[in-house]
Amino acid sequence: MPGSQRSEKMNNKKLVANTYYKMVTNHRESQLFFAALKLDIFSYLDNEISIEEIADQSTYDIRNLKLILNALASIHLIEKHENKFVNTEEGKFYLSKSSKYYIGDAILFRNEMMSLDNIENRVRFGPDKAITQHNQGQKVYNFTKLAKVSIPEIYLWRIEPLINLMNTIYQDSEPNKILDLGGGSGAMGIELCKAFPNSKGVIFEEPKVSLVAEDLISKNNLSTRVSVQKGDFIKDDIGSGYDIIIASGIIDFAKDHLQDFVKKLYDALNKNGIIYLITHGFSEDYLEPPETILGWLSSHLDGLNLLLTDKVIQDAMTDSGFRLYKQDKSGNHSIKVYQK
């Protein structure tokens with residue numbers, strides 16, 4: 001092999017090696033970011049402020065605070081103007097607790113929920129046998145906390161596509177009855193009822209999580225139009241006579257009873273009723289989307305076995321009599337609308 005080719009091949013290998021070292025840097029950046037969220041650093045930076053002022057307000061050690069702030073500025077998570085620091089526009093919008101779009105708590109919760117700490121031991125010794133046997137999400141996830149911290153996320157990414165699509169479907173009419181199934185906070189069902197002021201809504205959730213939905217309904221002054229039904233949406237009756245059912249990120253939890261669950265959805269809808277289904281969009285080989293595969297990895301190492309591919313879900317829906325009305329993507333999630 002000529003020397004120039006050997007040199008080019010070696011340079012390519014070095015580039016690959018650099019990507020491995022970049023992962024180490026990325027991990028340190030993530031650790032710094034999570035620490036800044038836990039310390040609530042971004043909430044001090046809505047306006048330009050000196051290290052001394054932050055230290056005075058927070059009682060943090062001024063020496064180490066300076067190191068942290070400079071490090072955050074070096075990776076452009078905040079800005080440094082001479083001897084003062086301030087949020088970026090995005091940081092003020094998403095990471096300061098003064099913003100109604102604050103997602104810091106959701107990020108911290110998801111990092112904890114999806115943590116791959118002790119992955120080596122879980123590979124060596126296997127999953128939790130009790131979790132494997134029951135295969136129930138509530139054995140692994142804190143759905144109540146998830147419902148609380150994910151409210152800003154839902155308003156950022158899920159409400160607008162839902163409202164826009166339903167406005168298109170119901171141009172000359174309104175849905176009478178809407179179900180937000182396993183809806184957590186119920187934000188999607190609540191906002192859809194607000195978009196259609198003559199409609200009634202039901203948020204179906206397990207008893208502990210339902211308290212979050214009841215609180216949000218009260219805050220929106222919708223107690224006369226939106227009710228909460230408590231139970232297990234896989235085992236229990238979910239009601240009937242619905243024009244729209246929202247099923248956001250829940251169908252995987254019905255994996256062991258998929259066909260029965262989909263038939264339950266079909267039977268609960270009026271003729272021409274709509275299912276607004278948000279799934280994780282998994283490919284047949286479980287290699288896409290990688291962000292979601294990594295997000296579920298921790299719980300699956302613990303013993304869960306829930307993930308359904310898009311094809312499996314679509315086959316179950318069409319086998320039960322649904323027809324695919326529309327499909328779209330939202331970030332890493334797949335949106336599919338089925339009609340009875």
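Scroll up to find the structure.
The structure contained in this document is the topic of the report that follows. Just so it is clear, the structure is predicted and the values come from calculations on it, not from any experiment.

### Notes on the overall build of the protein chain
Summing up its helical and strand segments, the protein chain has 15 helices and 10 strands in all. Along the three orthogonal principal directions, the C-alpha set of the protein chain runs to about 65 × 60 × 40 Å. For the protein chain, the residues scored as buried account for 43% of the 340 residues in total. Taking the intrachain contacts of the protein chain between residues at least 6 apart in sequence as the baseline, contacts between residues at least 24 apart amount to 70%. Working note: accessible area of the protein chain is about 18,600 Å², and carbon and sulfur atoms make up 50% of it. For the protein chain, the separation between the mean place of its 40 positive charges and that of its 45 negative charges on side chains is 3 Å.

### Comments concerning the side chain of His-280
Of note, His-280 is situated in the loop between strand E8 (269–279) and helix H14 (290–302). Residue classification places His-280 among the buried residues on the basis of a relative accessible area of 9%. At 2.9 Å, the side chain of His-280 forms a polar contact with the side chain of Asp-252.

### Overview of the environment of Ile-293
With respect to the helices and strands, Ile-293 occurs in helix H14. The sequence separation of Ile-293 and Leu-307 amounts to 14 residues, and the corresponding C-alpha distance is 9.3 Å.

### Here's the deal with the side chain of Ser-210
Relative to the helices and strands, Ser-210 resides in helix H12 (residues 207–219). Once residues within four sequence positions are removed from consideration, Ser-210 is found in contact with Glu-205, Val-228 and Lys-230.

### What about the packing of helix H2 (residues 51–58) against helix H3 (residues 62–74)?
For any two helices packed against each other, the geometry comes down to the angle between their axes and how far apart the axes lie. Axis separation between H2 and H3 bottoms out at 10 Å; the angle between their running directions is 120 degrees. Classified by the angle between their axes, H2 and H3 sit oblique to one another. The chirality of how H2 crosses H3 is right-handed. The residues of H3 that touch H2, namely those facing Ile-51, Glu-52, Ile-54 and Ala-55, are Ile-62, Leu-65, Lys-66 and Leu-69. Considered class by class, the residues forming the contact of H2 with H3 number 6 nonpolar, no polar and 2 charged.

### Concerning a nonpolar patch on the surface
Where nonpolar side chains cluster on the molecular surface, the patch consists of Val-16, Tyr-20, Tyr-21 and Met-23 and spans about 490 Å² of accessible area. Tracing the backbone shows Tyr-21 in helix H1 (residues 3–38).

### Things to note about a negative patch on the surface
Taken together, the side chains of Glu-48, Glu-79, Glu-82, Glu-89 and Glu-90 make up a negatively charged region of the molecular surface. Tracing the backbone shows Glu-48 in the loop between H1 and strand E1 (49–50). A residue is classified by how much of its surface remains accessible, and Glu-48, at 43% relative accessible area, is partly exposed.

### Some thoughts on the sheet that holds E1
The strands that make up a sheet pair up through hydrogen bonds in the backbone, lying either parallel or antiparallel. Reading across the sheet, the 3 strands line up as E1-E3-E2 and stay open at both edges, with antiparallel pairing between neighbours. Of all the strands in the sheet, just E1 and strand E2 (78–81) have a single pairing partner and so form its edges. Pairing analysis gives 2 bridges linking E1 to strand E3 (residues 84–87), with the strands arranged antiparallel. Paired with Ile-49 across the two strands is Phe-85, which belongs to E3. On the sheet, H3 packs against E2 and E3 and is oriented at approximately 110 degrees with respect to E2.

### A closer look at the packing of aromatic side chains
Counting across every chain of the model gives 13 aromatic pairs. Geometrically, the ring pair formed by Phe-93 and Tyr-94 is edge-to-face, given 4.8 Å between the ring centres and 90 degrees between the ring planes. An aromatic cluster of at least three residues, connected via ring pairs, comprises Tyr-141, Phe-143, Phe-253 and Trp-296. Lying over the aromatic face of Tyr-242, Lys-177 brings its terminal NZ or CZ to 4.7 Å of the ring centre. The cationic tip of Lys-340 hangs over the ring face of Tyr-266; the distance from NZ or CZ to the ring centre is 4.6 Å.

### Quick look at the pattern of salt bridges
Where charged atoms from two side chains of opposite charge approach closely, those side chains can pair. Inspection of the entire model under this criterion finds 8 salt bridges. Glu-191 is paired through a salt bridge with Lys-194; the nearest N and O atoms lie 3.0 Å apart. Of the two residues, Glu-191 and Lys-194 are both situated in helix H11 (residues 187–195); the distance of 3 residues between them amounts to about one turn of the helix. Judged by relative accessible area, which is 14%, Glu-191 ranks as buried. Given the relative accessible area of 40%, Lys-194 is considered partly exposed.

About the thresholds
Residues numbered from 1 in each chain as written. Predicted model: local features only at pLDDT ≥ 70, side-chain atom pairs only at ≥ 80, totals over all residues. Heavy atoms only, no water. Helix = DSSP H or I, 4+ residues; strand = E, 2+ residues; numbered from the N terminus. Buried < 20%, exposed > 50% of the residue type's maximum accessible area, 1.4 Å probe, protein only. Contact = heavy atoms within 4.5 Å. Areas by Shrake-Rupley, 256 points an atom, 1.4 Å probe, with all protein chains shown as cover. Lys, Arg positive; Asp, Glu negative; His and termini not counted. Charge placed at Lys NZ, Arg CZ, Asp CG, Glu CD. Polar contact = N/O pair within 3.5 Å; in protein donor to acceptor, adjacent residues only side chain to side chain. Axes fitted to C-alpha atoms, helices over the stretch in contact; angles between N-to-C directions. Parallel < 35°, antiparallel > 145°, perpendicular 65-115°, else oblique. Left-handed = near helix turned anticlockwise from the far one by under 90°. Nonpolar A, V, L, I, M, F, W, Y, C, P; charged D, E, K, R; others polar. Patch = residues over 30% accessible without salt bridge, like charges linked within 9 Å, V, L, I, M, F, W, Y side chains within 5 Å. Salt bridge = Lys/Arg side-chain N within 4 Å of Asp/Glu carboxyl O. Pairing = 2+ DSSP bridges. Phe/Tyr/Trp six-rings, centres within 6.5 Å; stacked < 30°, edge-to-face > 60°. Lys NZ or Arg CZ within 6 Å of the ring centre and 35° of its normal.

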